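So the chains spell out like this:
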Amino acid sequence: MIIAGNWKMNPSLALAGQLANALTVRSFEPVTRILFAPHPYLVPISVRLGGSDVRLGGQDCHQDLSGAHTGDVSAAMLRDCGASVVLLGHSERRANHGETSALIAAKAAQALAHDLDVMICLGETLDERRAGLAEQIVIDQLHASLPTNLPDGDDSLHGRVMIAYEPVWAIGTGEVASVDDIAAMHQAIASELPKSQNGHKAPLPILYGGSVNADNAKAIFAIDHVGGALVGGASLDATAFDSICELAVLQMSKS
Ligand code: 13P
């Protein structure tokens, strides 16, 4: 299981330092923890995380190697600043920055080429769900957002690409998708993911995101094809984040 915290544009540097210190207090192995920090904080946070098992990630990167892109950040820069993973295609970037799935695929290819693993976010809006289009929208996003160099049977990128299903209407609202809706969507995504050659490699993990907290995480983790959580608000509370990680450890001990 993977538990990722997405701080978004929220904590001050002082709070970020406190949260990072709290993450180093104990390990939650075999759960993998990832922290998506604001770009200016990557270097100081990577110093604080030190030799801990918490992976550090950026919240976006540019699709080009380098160039005249004022205000943007390249995959190589993230790598140089201590990140080993990058979050791509978050619905806030799709909505606020007009990012298309094709652009996200290009960013993913650039990140993978620079030794960054990628977490690609998918999710439908409330209108799309009400119109009965949720599954179609998410599966279309999945196919168009995956880097094209990830065909069936090519195991080279397995373990380097993670999927996060985050229904837009569940983000920051306190409203979580129902167990049935999460189960159906994760099953649909799992069945569309590139197949591993000979089934030797584990399938790409599919995380759920959207108002995950210490009270609802247990039920979410018990759902088939849920490989962890992408946590926004609750990742800004060290105790809540630890509790979510503990529930993931518990789930892993059962399966
Ligand atoms: P919340 O957990 O605050 O709903 O945010 C989810 C999210 O967008 C994580 O990327």
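Note that the structure is a prediction, hence the values are computed from the model and not measured.

(A) Representation of the overall build of the chain. The number of helices and strands found in the chain is 10 helices and eight strands. Its C-alpha atoms give the chain a radius of gyration of 17 Å, within 12% of the compact-globule value 18 Å for 255 residues. Taken along its principal axes, the extent of the C-alpha atoms in the chain is 45 × 45 × 40 Å. For the chain, the proportion of its 255 residues judged to be buried stands at 50%. When the accessible surface of the chain is summed, it comes to about 11200 Å², and 52% of that surface belongs to carbon and sulfur atoms.

(B) The arrangement of the pairing of strand β7 (residues 206–209) in detail. A two-sided burial pattern is seen for β7, the buried positions comprising Ile206 and Tyr208 on one face and Leu207 and Gly209 on the other. Inspection of the sheet shows strand β6 (residues 161–165) paired to β7 by three bridges, in the parallel sense. Bridging from a neighbouring strand, Ala164 pairs with Leu207 of β7. As paired strands, β7 and strand β8 (residues 228–231) are joined by two bridges and run parallel to one another. Bridged to Tyr208 within β8 is Ala229.

(C) Spotlight on unusual backbone geometry. The linkage connecting Glu29 with the following residue, Pro30, adopts the cis geometry, with an omega of 10°. With respect to the helices and strands, the residue Pro30 is situated in the loop between α1 (13–23) and β2 (32–36). Of note in this structure, Asp115 is not a glycine but carries a positive phi near 70°. Counting through the fold element by element, Asp115 comes out in the loop between α5 (101–113) and β5 (117–122).

(D) Seen up close, the environment of Ser52. Its location among the elements puts Ser52 in the loop between α2 (42–49) and β3 (54–58). Along the sequence, Ser52 and Val25 sit 27 residues apart, while their C-alpha atoms lie 8.8 Å from each other. Side-chain polar atoms of Ser52 contact the backbone nitrogen of Val54, separated by 3.2 Å.

(E) Seen up close, the packing of α5 against helix α7 (residues 134–145). Across the interface, α5 lies against α7 with an axial gap of 7 Å and an inter-helix angle of 40°. For the element pair α5 / α7, the angle class is oblique. Seen from above, α5 lies across α7 with right-handed handedness. Each of Ser101, Ala102, Ile104, Ala105 and Ala108 in α5 lies in contact with α7, whose residues at this interface are Gln141, Ala144 and Ser145. Its residues assigned to classes, the contact of α5 with α7 comprises five nonpolar, three polar and no charged.

(F) Just α2, in detail. Buried within α2 we find Leu42, Ile45 and Leu49. The arc that holds the buried residues of α2, viewed along the axis, is 70°, so those residues lie on one side. Those residues of α2 that are buried are in contact with α1, β2, β3 and α3 (75–80). Directly after α2, the chain includes Gly50, whose backbone phi takes a positive value near 45°.

Conventions we followed
- Residues numbered from 1 in each chain as written.
- Predicted model: local features only at pLDDT ≥ 70, side-chain atom pairs only at ≥ 80, totals over all residues.
- Heavy atoms only, no water.
- Helix = DSSP H or I, 4+ residues; strand = E, 2+ residues; numbered from the N terminus.
- Rg over C-alpha atoms; globule rule 2.2 N^0.38 Å.
- Buried < 20%, exposed > 50% of the residue type's maximum accessible area, 1.4 Å probe, protein only.
- Areas by Shrake-Rupley, 256 points an atom, 1.4 Å probe, with all protein chains shown as cover.
- Pairing = 2+ DSSP bridges.
- Polar contact = N/O pair within 3.5 Å; in protein donor to acceptor, adjacent residues only side chain to side chain.
- Axes fitted to C-alpha atoms, helices over the stretch in contact; angles between N-to-C directions.
- Parallel < 35°, antiparallel > 145°, perpendicular 65-115°, else oblique.
- Left-handed = near helix turned anticlockwise from the far one by under 90°.
- Contact = heavy atoms within 4.5 Å.
- Nonpolar A, V, L, I, M, F, W, Y, C, P; charged D, E, K, R; others polar.
- Arc of directions from axis to C-beta.

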